Amino acid sequence: MADYDCDLFVIGAGSGGVRAARLAAVGGARVAVAEEHRVGGTCVVRGCIPKKLMVYASEFSQAFKTARGYGWAVGDTAFDWQAFLNTKDIEIARLSGVYVSNLENAGAELIHGRAVLEDAHTIRLVQEDRAVTAETILVATGGWPTFPPDTPGIEYAITSNEAFHLPELPKRILVVGGGYIAVEFAGIFNGLGVETTLLYRGPNILRGFDAAVSAHLAGELERRGITVILGCHHTSLEKTDQGLVSHLSSGHAVETDEVMFATGRAPNTKRLGLEAAGVELTPSGAVKVDEFSRTNVPNIWAVGDVTDRVNLTPVAIREAAAFVETAFRNNPQAFDHETVASAVFSQPPIGAVGLTEAQARHGGRRIDIYRSVFRPMKGAFYGSEERTLMKLVVDQASGRVLGCHIVGPDAPEMIQMAAIAIKLGVTKAQWDQTCAVHPTAAEELVTMREPYVAEGL
Ligand code: NDP
């Protein structure tokens, strides 16, 4: 080990890389971390955190309506995009700084610049033009937004990366895609007063989520004023004197000022020297790893979005912790990717954990569905038609709750708690023994007595 410059070299200081570096360094390993952008990665710099701040900013338009419904006289309101961006950037800089101090306090060396593998133990620091050797290497380079190939005029479009720094708010925007990022940003722009259209190629948004969730959210997005176009491709983009024109496969055109593509992210595996080190990739270009996050090269490991398993910040963090246990503490651990809860910060938001109804029915399993659709008390008071959806998927044979799906205010907060019970294998009978907390929306979860669909397939 002493022959190498360091025990662990981490490429990428995002959620996964920083966690691994800190844990290994605190345990006494000599650790170096290279980052070519800002420390904090997608989550802190151009993802979860700034996105959530934008969600908060955009929710005020609904809050003003609610306030009026409760008797408040709300005068003219106006949103100052530049003021928001300035404060947001200060907060992101603060958080990035916290990550830097955490690394330094743990004793890890932070290197600003690009790192490229030369072989299985040698890393070239491109800007400094020097090589470093390491016993163990962790690739934690995350992912990056992608555009669909061969779209004429794509150079006029933006991705989520640019959406965090637009010089000014557009009057109109077209968001292309139907995944997490597309529905979250459609809600943000709509809430900020931008005339928003969401365009998705499939029959309903959020493929992979429970079909009831997708349909319910699409309805609620439209209720809030977003135009949702389904089953239609974006074919080309044209710049005119008035703005941009998006041409669709239906033959229609959408006139707009900004077009944001949220059509997926690709793992950052290019020009990293992975071929030189002999690291195998999956057909989609992700680093191929085993359940311990180890690549085919025994001393090279990878965690987070670059491995394209479950692309969520907390998962990257858990994969990183398991990697350190396995590689540095002689305590092999594989993170369990089953039953990971997730939240979509659409407006209204989604919380989901476990199997969807369709997944649960695979293989002919007989299930019961419990479902409640209701107007939450806060909105019902002033006549809002917005509805919350709650759905439980229950295995008939064992009585186990296999999935919980919520669309409505505070759904992300509720699902964290539901995930504990479901991960522990709770049955519907045990679930129902839990006394309701009143008056809350969450009490509906434990008071759904009659199955909505009684027979399985
Ligand atoms: P998603 O995979 O969620 O969605 C991508 C969307 O783009 C899908 O609707 C997909 O359609 C569509 N699409 C893909 N290729 C094309 C194409 N060539 N033309 C048109 N549409 C296309 O990716 P996102 O970019 O939204 O997010 C990336 C990941 O980041 C997520 O999977 C999630 O893991 C994570 N994330 C998590 C968040 C959270 O936890 N709240 C927030 C944001 C991101 P189709 O369904 O038909 O394939």
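Note: the structure precedes this text.
Remember, it's a predicted structure, so these values are computed and weren't measured experimentally.

A. View of the sheet that holds strand 11 (residues 234-240). In space, the 3 strands of this open sheet follow the order 11-12-13, with antiparallel pairing throughout. Two strands bound the open sheet, and with one partner strand each, they are strand 11 and strand 13 (253-256). When strand polarity is set aside, the average angle formed by the axes of neighbouring strands in this sheet is 20°.

B. Representation of the packing of helix 1 (residues 15-26) against helix 9 (residues 313-328) within the structure. For the pair helix 1 and helix 9, the least separation of the axes is 8 Å and the interaxial angle reads 30°. In terms of orientation, helix 1 and helix 9 fall into the roughly parallel class. When you trace helix 1 past helix 9, the crossing you get is right-handed. Contacts between helix 1 and helix 9 involve Ser15, Gly16, Arg19, Ala20, Leu23 and Ala24 from the first element and Thr313, Ala316, Ile317, Ala320, Ala321, Phe323, Val324 and Phe328 from the second.

C. Geometry of a nonpolar patch on the surface. A cluster of nonpolar side chains, namely Tyr70, Trp72 and Phe381, defines an oily patch on the protein surface of about 410 Å² accessible area. Looking at the element boundaries, tyrosine 70 is found in the loop between helix 3 (48-69) and helix 4 (81-106). Judged by its relative accessible area of 38%, tyrosine 70 falls in the partly exposed class.

D. The arrangement of the pairing of strand 6 (residues 130-139) in detail. By the bridge criterion, 5 bridges tie strand 1 (residues 6-11) to strand 6 in an arrangement that is parallel. Bridge pairing in strand 6 links phenylalanine 9 to isoleucine 137. Of the strand pairs in this sheet, strand 5 (residues 122-125) and strand 6 are connected by 4 bridges, and their pairing is antiparallel. Its bridge partner lying in strand 6, threonine 122 is registered against threonine 133.

E. Structural detail: the side chain of serine 58. By the element assignment, serine 58 lies in helix 3. A polar side-chain atom of serine 58 sits 2.9 Å from the main-chain carbonyl oxygen of valine 55.

F. How the structure looks around the site of the ligand. If you check the shell around the ligand, you find 18 residues, and the closest are Tyr200, Arg201, Arg207, Asn311 and Ala343. Take tyrosine 180: an N or O atom from its main chain is 3.3 Å from an oxygen atom of the ligand. Within the contact set of the ligand, an oxygen atom lies 3.4 Å away from a backbone nitrogen or oxygen of alanine 262. Notes on the ligand: free accessible area 910 Å², of which the protein chains cover 76%. The element that contributes the greatest number of residues to the shell around the ligand is helix 6 (residues 180-191), accounting for 3 residues.

What counts, and where the lines are drawn
- Residues numbered from 1 in each chain as written.
- Predicted model: local features only at pLDDT ≥ 70, side-chain atom pairs only at ≥ 80, totals over all residues.
- Heavy atoms only, no water.
- Pairing = 2+ DSSP bridges.
- Helix = DSSP H or I, 4+ residues; strand = E, 2+ residues; numbered from the N terminus.
- Axes fitted to C-alpha atoms, helices over the stretch in contact; angles between N-to-C directions.
- Parallel < 35°, antiparallel > 145°, perpendicular 65-115°, else oblique.
- Left-handed = near helix turned anticlockwise from the far one by under 90°.
- Contact = heavy atoms within 4.5 Å.
- Patch = residues over 30% accessible without salt bridge, like charges linked within 9 Å, V, L, I, M, F, W, Y side chains within 5 Å.
- Areas by Shrake-Rupley, 256 points an atom, 1.4 Å probe, with all protein chains shown as cover.
- Salt bridge = Lys/Arg side-chain N within 4 Å of Asp/Glu carboxyl O.
- Buried < 20%, exposed > 50% of the residue type's maximum accessible area, 1.4 Å probe, protein only.
- Polar contact = N/O pair within 3.5 Å; in protein donor to acceptor, adjacent residues only side chain to side chain.
- Near = heavy atom within 4 Å.

These figures capture arrangement, not role.
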